[in-house]
Amino acid sequence: MEQSNTLQRLRRRLESNTGKAIADYRMIDDGDTVLVCISGGKDSYTLLSVLMALRERAPVDFRLIAMNLDQKQPGFPAEVLPGYLAKLGVDYRIVEQDTYSIVRSKIPEGKTTCSLCSRLRRGVIYRTAKEVGANKIALGHHRDDIVHTLFLNLLFAARLKAMPPKLLTDDGAHVVIRPLAYCSERDIARFARGMAYPIIPCNLCGSQDNLQRQKIRAMMADWDHRYPGRTEAVFSALQKVVPSHLADQTLFDFQGLRPGGDPATMDGGDLVFDPAPLGEILPSLQGVPLAVRA
């Protein structure tokens, strides 16, 4: 199918951002087998499309295996993904596991199901990765997901923690990668519409309006509307962490700071708080007499 110029530009931008993230974090090496988790949503469809395109011209050789977990949700169109993946010509696995019934039986009505559902899915994904010999597991989380997770942990868990682009599993057997870490949700959504992916909605967690993540999403959408570029700025901040200007004693030796020490250990000292003009003016005031009133 001939693609519009707009769709082609979107594709190039997504592929460029994904390729940069893969290179920056060394997500994929020569000889890797990457299990690509496909949920039927816009993000995972885009992830698979971009990885397949990048594989064709990558300087390393790697294998892709698409995987979908059929959680036996009522009304789930089980025929959609096998048909789509077969048409793509990609190697794939459809894993059937009734996690839906487990979640419904364990979580009271009205309570959020994400935590248990996520743990169950993770277990099945790790098991499948071992069975197919995959050493990397690719997830479709994008830049907005990472920023939203930061605020979720900050505001509701009192932890300065986000969603890393690359992560070692607890058992050390696999590396989880998020190749779309540099991609915006807006670009992904537009690309998915242009590609007319057969989107499958999630009737388990996707229909829950009381999720804290939905509140964070709305907060960031409002913030970005009033002050464009805030999501990009927050993500950039995650790549420029200054431990000496936080408060975690395990990351920086606050107790060891003494007068006469090396200011370089403070990553900019107290001037780091000043905008550039003030940072240039204040040093020039050294030696200027101050009027002191007793």
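Here the structure is a predicted model, which is why all the values come from computation and not from measurement.

(A) Structural context of the pairing of strand β2 (residues 63-70). The buried count for β2 comes to seven of eight residues, which makes it a mostly enclosed element. Bridge analysis of strand β1 (residues 33-37) against β2 gives five bridges, and the strand direction is parallel. Bridge pairing in β2 places valine 34 opposite leucine 64. Crossover connection from β1 via helix α2 (residues 42-57) to parallel β2: handedness right-handed. Examined bridge by bridge, β2 and strand β3 (residues 91-96) share six bridges and lie parallel to one another. Bridged to aspartate 70 within β3 is glutamate 96. At this point the chain moves from β2, through helix α3 (residues 80-88), to the parallel β3, and the crossover so formed is right-handed.

(B) Seen up close, the environment of glutamine 3. Mapped onto the fold, glutamine 3 is located in the segment before α1 (5-24). Using a relative accessible area of 23% as the deciding quantity, one classes glutamine 3 as partly exposed. C-alpha of glutamine 3 to C-alpha of methionine 195: the two residues are 192 residues apart in sequence and 8.6 Å apart in space. In contact with glutamine 3, not counting residues within four places along its chain, are Gln8, Arg11 and Met195.

(C) Structural context of the layout of surface pockets. Taken as a whole, the second largest pocket spans an internal volume of roughly 620 Å³. Along the walls of the second largest pocket sit 24 residues, with Leu150, Leu160, Ala237, Leu238 and Val241 positioned nearest its centre. When residues of the lining of the second largest pocket are traced back to their parent elements, those giving at least two are α6 (143-156) and α9 (230-238). If one sorts the elements of the lining of the second largest pocket by residue count, α9 sits on top with four residues. When the residues that make up the lining of the second largest pocket are grouped by side-chain class, the tally is 19 nonpolar, two polar and three charged.

Calculation notes
Residues numbered from 1 in each chain as written. Predicted model: local features only at pLDDT ≥ 70, side-chain atom pairs only at ≥ 80, totals over all residues. Heavy atoms only, no water. Buried < 20%, exposed > 50% of the residue type's maximum accessible area, 1.4 Å probe, protein only. Helix = DSSP H or I, 4+ residues; strand = E, 2+ residues; numbered from the N terminus. Pairing = 2+ DSSP bridges. Right-handed = clockwise from strand over helix to strand, strands pointing away. Contact = heavy atoms within 4.5 Å. 1 Å grid on protein atoms, 1.4 Å probe; cavity = no way out; pocket = protein on both sides within 12 Å on 5 of 7 lines; lining within 4 Å. Points joined across faces, edges and corners; volume = space filled by probe spheres on them. Nonpolar A, V, L, I, M, F, W, Y, C, P; charged D, E, K, R; others polar.

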